[in-house]
Amino acid sequence: MLKADLDALRALGAAMAVTADSVGSLDPVAPIVAAADAMPNSAFGAIARSAAIPTLAAYRGVSVRIREMSSASLASADSYDDTDRAFSDQLIRLNADRR
């Protein structure tokens, strides 16, 4: 029999939301630019500088994906709950009809 731990699923969703916020708040641009500025005549410095915005976009993308997983976890818990409640209500109605 399939059993879902809805409290654990909700806790996972909440934890993932916090993680998404944390990842979304990271801004690697300033440290990357500072590192590039520390190497003004270096080819590596120029390459590092060009990576700043794509790196920021990658962090934002990861944050969005984690938030989607959070939402899916929370929605799944609600869906399991709704299905369980509907099934229970149906059983109660069927048992009442037998009397």
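## Description of the environment of lysine 3
Position of lysine 3 relative to the elements: it lies in the segment before α1 (6–25). Of the residues examined, lysine 3 reaches a relative accessible area of 72% and is grouped as exposed. Along the sequence, lysine 3 and tyrosine 80 sit 77 residues apart, while their C-alpha atoms lie 9.6 Å from each other.

## A word on the side chain of serine 73
For serine 73, the position within the fold is in helix α3 (residues 43–98). Leave out the neighbours within four places in its chain, and serine 73 touches Leu9, Leu12, Gly13 and Met16.

## Description of a nonpolar patch on the surface
A cluster of nonpolar side chains, namely Phe87, Leu91 and Leu94, defines an oily patch on the protein surface of about 290 Å² accessible area. Here leucine 91 shows up in helix α3. Classification of leucine 91 by relative accessible area gives partly exposed; the value is 39%.

## Examining the confidence of the model for the protein
Averaged over all residues, the pLDDT of the protein is 93; the fraction at 70 or higher stands at 98%. By mean pLDDT, the top-scoring element of the protein is α1 (97), and the lowest-scoring one is α3 (93).

## Describing the pattern of salt bridges
For the coordinates displayed, the defined rule picks out 6 salt bridges. The shortest N-O distance in the salt bridge between arginine 10 and aspartate 81 comes to 3.2 Å. Here the residue arginine 10 occupies a position in helix α1, and aspartate 81 occupies one in helix α3, the gap between them amounting to 71 residues. Judged by its relative accessible area of 27%, arginine 10 is partly exposed. On the basis of relative accessible area, aspartate 81 is assigned to the partly exposed category, the value being 25%. Here arginine 85 and aspartate 81 are joined by a salt bridge, their closest N and O atoms 3.8 Å apart. Highlighted residues: arginine 85 and aspartate 81, both in helix α3, separated by 4 residues, approximately one helical turn. Counted as one network, the salt bridges with shared partners bring together Arg10, Asp78, Asp81, Asp82 and Arg85.

Parameters at a glance
- Residues numbered from 1 in each chain as written.
- Predicted model: local features only at pLDDT ≥ 70, side-chain atom pairs only at ≥ 80, totals over all residues.
- Heavy atoms only, no water.
- Helix = DSSP H or I, 4+ residues; strand = E, 2+ residues; numbered from the N terminus.
- Buried < 20%, exposed > 50% of the residue type's maximum accessible area, 1.4 Å probe, protein only.
- Contact = heavy atoms within 4.5 Å.
- Patch = residues over 30% accessible without salt bridge, like charges linked within 9 Å, V, L, I, M, F, W, Y side chains within 5 Å.
- Areas by Shrake-Rupley, 256 points an atom, 1.4 Å probe, with all protein chains shown as cover.
- Salt bridge = Lys/Arg side-chain N within 4 Å of Asp/Glu carboxyl O.
- pLDDT = per-residue confidence, 0-100.

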